[in-house]
Amino acid sequence: MTQDELKQQAALLALDYVIEGKIVGVGTGSTANFFIDGLATMKDRIEGAVASSEASARRLAGHGIRLLDMNEVESLPVYIDGADEIDASLAMIKGGGGAQTREKIVAAVARTFVCICDASKKVERLGRFPLPIEVIPMARAQVSRELVRLGGRPVLRDGFITDNGNLILDVHDLAIDDPAGLEIAIDGIVGVVTSGLFAKRGADVLLLATADGVITYDRS
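Residues numbered from 1 in each chain as written. Predicted model: local features only at pLDDT ≥ 70, side-chain atom pairs only at ≥ 80, totals over all residues. Heavy atoms only, no water.

(A) Spotlight on the pattern of salt bridges. Tallied over the full model, the rule gives 16 salt bridges. Arg149 serves as the salt-bridge partner of Glu146, at 2.5 Å between the closest nitrogen and oxygen. Of this pair, Glu146 and Arg149 both sit in helix H5 (residues 140–149), three residues apart, which is roughly one turn of that helix. Here the salt bridges share partners, and the residues they tie into one network are Asp81, Lys94 and Glu103. (Salt bridge = Lys/Arg side-chain N within 4 Å of Asp/Glu carboxyl O. Helix = DSSP H or I, 4+ residues; strand = E, 2+ residues; numbered from the N terminus.)

Put into structure tokens, the structure is as follows:
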């Protein structure tokens, strides 16, 4: 089974978590795209969707799924998204697509965060995947110096601008033994918009696609 087939398997199973007649939060990336395509099959049974990126918004709109602005929504029953890495505590690294700020906003409003990914994304310790940090452009050098002090090696994502008009620093070589503590430390650096660490608000459910089927991990 290919990696894309595994991603699709997890994404389609996540449709079971969508509550009919309600709004669903939708993430960004290749696995989320499979979910969006699946969501199109039940678009007449949901109120609409909130997208975490312009790319996801375009894909949702292409399927004729009603889009709502996050400011119009007081709460979301569920948010479905992928991850670049996820550990046993369901803390994640996200932001490979550069959308982590909007993803964190949607996740913060959702009652349940369902992470969908293939088995290659589950790790014992976060950090093999470079940690994406969204930064205000004028603060790039200062933030880079602070990240070096934390033990990282920041690399500017060349030619990339986020949906919010900012830059991404991909931080290599971080030892992430305390994901929540590091998230707090990085988010406290002046000029950082958001880090790609999702530990303070990790996933509630992980649907992990393996060659033997989808394994469900539930933090509750």
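(B) Local environment of the packing of helix H2 (residues 30–39) against helix H3 (residues 54–62). In the contact formed by H2 and H3, the axes pass within 9 Å of each other and the chain directions differ by 25°. Taken together, the axes of H2 and H3 are roughly parallel relative to one another. In terms of crossing hand, the pair formed by H2 and H3 is right-handed. Residues Asn33, Ile36, Asp37 and Leu39 of H2 pack against Ser56, Arg59 and Leu60 of H3. Grouping the constituent residues of the contact of H2 with H3 by class yields three nonpolar, two polar and two charged. (Axes fitted to C-alpha atoms, helices over the stretch in contact; angles between N-to-C directions. Parallel < 35°, antiparallel > 145°, perpendicular 65-115°, else oblique. Left-handed = near helix turned anticlockwise from the far one by under 90°. Contact = heavy atoms within 4.5 Å. Nonpolar A, V, L, I, M, F, W, Y, C, P; charged D, E, K, R; others polar.)

(C) Spotlight on the sheet that holds strand E9 (residues 167–172). In spatial order, the strands read E8-E9-E7-E10; together these four strands make up an open sheet with antiparallel pairing. The open sheet has two edge strands with one neighbour each: strand E8 (153–156) and strand E10 (192–195). Along the sheet, successive strands turn relative to each other by an average axial angle of 30°, direction set aside. The pairing of strand E7 (residues 131–135) with E9 spans five bridges and is antiparallel. Paired with Ile133 across the strands is Leu169, a residue of E9. Along the sheet, H5 makes contact with E7, E8, E9 and E10, crossing E9 at roughly 15°. Against the sheet, helix H6 (residues 179–187) touches E7 and E10, its axis set at about 165° to E10. (Pairing = 2+ DSSP bridges.)

(D) Main features of the pairing of strand E1 (residues 23–26). On E1, burial covers both faces: Ile23 and Gly25 on one face and Val24 and Val26 on the other are all buried. The sheet contact formed by E1 and strand E2 (residues 48–51) spans four bridges and is parallel. Opposite Ile23, over in E2, you have Gly48 as the bridge partner. Regarding the hand of the β-α-β motif, the stretch spanning E1, H2 and E2 is right-handed. Here E1 pairs with strand E3 (residues 76–81) via three bridges, running parallel. Residue Val24 lies in a different strand from E3, and its bridge partner there is Val78. (Buried < 20%, exposed > 50% of the residue type's maximum accessible area, 1.4 Å probe, protein only. Right-handed = clockwise from strand over helix to strand, strands pointing away.)

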